[in-house]
Amino acid sequence: LNITYAGNIGYGQGLENIVIKIALYFKSKIKFSLIGDGSSVAFIEAQIKKFDVPNIVLMAPKKRNQLIEFYNNSDVLFLQLNDVDAFRKVLPSKIFEYGSFDKPILAGVGGVAKTFIEDNFKYGYIYSPNDSSGAISKIKQIFDLEKVRVDNTSFVEKYDRKIITKLMVDNFTSKFKNI
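Since this is a predicted model, take the numbers as computed values, not measurements.

Novice: Please give an account of the sheet that holds strand 3 (residues 56-59) that cites residues and values.
Specialist: In space, the six strands of this open sheet follow the order 3-2-1-4-5-6, with parallel pairing throughout. The open sheet terminates on both sides in strands that have one partner only, identified here as strand 3 and strand 6 (124-127). Sheet twist, expressed as the mean angle between neighbouring strand axes with direction ignored, is 20°. Relative to strand 3, strand 2 (residues 31-35) runs parallel, the two being bridged by four bridges. By the bridge assignment for strand 3, phenylalanine 32 is matched with isoleucine 56.

And the structure:
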């Protein structure tokens, strides 16, 4: 199972708290591709060496066209926000990026992001941030999918950039109609 994360790899994501544990649990059954840079990269690299974890690959940030290729070749798209109160009130743009691909989303999030994924993705697998046992359980559920095709067409149609932009412009201009 190829699991891909792309973005910042720092305290805000807390990947260092979870990916090593998950990778060690599943061994050769999964491969993590972590694409990006940030303050936690060196720590994750050290943990990979310390525990001899061959199924995590760290890569430098990629250009958009290269990321699309990685996403298309992935089985699961992964994100996590660290367990911080402030992160329960944010909706990462990464969700919209991932939602444009027909892939399951594995997400360690709470609050607004959790509700948004639950409301918009049939194949959104949510666990509590930093909860490796919860993430492992969700990955086992994804393994059970096998060849189920994920279809995020309705999400893409609902949140297309052109549609959102038009709604924002309409909302903005409606405020000034009577001026």
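Novice: Pulling in residues and values, what's your account of helix 5 (residues 111-120)?
Specialist: Buried within helix 5 are the following residues: Ala113, Phe116, Ile117 and Asn120. Within helix 5, the buried residues cover an arc of 95° as seen down the axis, which keeps them to one side.

Novice: Can you tell me about the nonpolar core, naming the residues and giving the values?
Specialist: Counting residues in each nonpolar core, the largest one holds 50 residues, and the members touching the most others are Val19, Ile22, Phe32, Leu34, Ile56 and Phe78. Aside from chain neighbours lying at most four places away, what touches leucine 34 is Tyr5, Ile9, Leu15, Val19, Ile44, Ile56, Val57, Leu58 and Met59.

Novice: Which residues make up the environment of lysine 89, and what are the values?
Specialist: Of note, lysine 89 is situated in the loop between strand 4 (76-80) and helix 4 (93-99). For lysine 89, a relative accessible area of 65% gives the class exposed. Each C-alpha atom, one on lysine 89 and one on glycine 110, is 8.5 Å from the other, the two residues being 21 residues apart in sequence.

Novice: Can you explain the side chain of serine 33? Please cite residues and give values.
Specialist: By the secondary structure assignment, serine 33 is in strand 2. By relative accessible area, which is 6% here, serine 33 ends up buried. In this structure, serine 33 is in contact with Ile3, Thr4, Tyr5, Val57 and Met59, ignoring residues within four places of it in sequence.

Novice: Tell me about the pairing of strand 1 (residues 2-6), and name the residues and values.
Specialist: The buried fraction of strand 1 is high, at four of five residues. In this sheet, strand 2 lies alongside strand 1 in parallel orientation, the contact comprising five bridges. Paired with asparagine 2 across the strands is lysine 31, a residue of strand 2. The β-α-β motif built from strand 1, the intervening helix 1 (residues 19-26) and the parallel element strand 2 has right-handed crossover chirality.

Novice: Quick rundown of the packing of aromatic side chains? Include the residues and the values.
Specialist: The relative placement of two aromatic rings is captured by the distance of their centres and the angle of their planes. If you walk through the whole model with that rule in mind, you get seven aromatic pairs. Seen from their ring centres, phenylalanine 26 and phenylalanine 143 are 5.8 Å apart, and the 45° between their planes marks the pair as tilted. With phenylalanine 26 in helix 1 and phenylalanine 143 in helix 6 (residues 132-145), this pair connects stretches of sequence that are 117 residues apart. The class of phenylalanine 143 is partly exposed, set by a relative accessible area of 29%. Here a set of aromatic residues connected by ring pairs shows up, and it is made of Tyr5, Phe32 and Phe78.

About the criteria used
Numbering of residues starts from 1 in each chain and follows the order in which that chain's sequence is written. Local features in a predicted model are, by the rule used here, given only for residues with pLDDT of at least 70; side-chain atom pairs are given and counted only at 80 or more, and totals for whole chains, interfaces and linings are based on all residues. Just so you know, side-chain values use all the structure's heavy atoms and leave hydrogens and water out. We treat two strands as partners when DSSP finds at least two bridges between them. Secondary structure counts use DSSP, requiring at least four H or I residues in a row for a helix and at least two E residues in a row for a strand, with both numbered from the N terminus. Axis geometry follows a simple rule: fit a line to the C-alpha atoms, using only the stretch in contact for helices, then measure angles between N-to-C directions, giving values from 0 to 180 degrees. Accessible area is worked out with a 1.4 Å probe on protein chains only. A residue is then buried under 20% of its type maximum, exposed over 50%, and partly exposed in between. Each C-beta atom gives one direction from the helix axis, and the arc is the one those directions make. We call a set of buried Ala, Val, Leu, Ile, Met, Phe, Trp, Tyr and Cys residues a nonpolar core when their side-chain atoms join them within 4.5 Å. Residues count as neighbours in contact if any of their non-hydrogen atoms are within 4.5 Å of one another. By the criterion used throughout, a crossover qualifies as right-handed when its path from the first strand across the helix to the second strand runs clockwise, the strands pointing away from the viewer. Ring pairs shown here join Phe, Tyr and Trp side chains whose ring centres sit within 6.5 Å, with only the six-membered ring taken for Trp; geometry is labelled stacked below 30 degrees between planes, edge-to-face above 60, and tilted in between.

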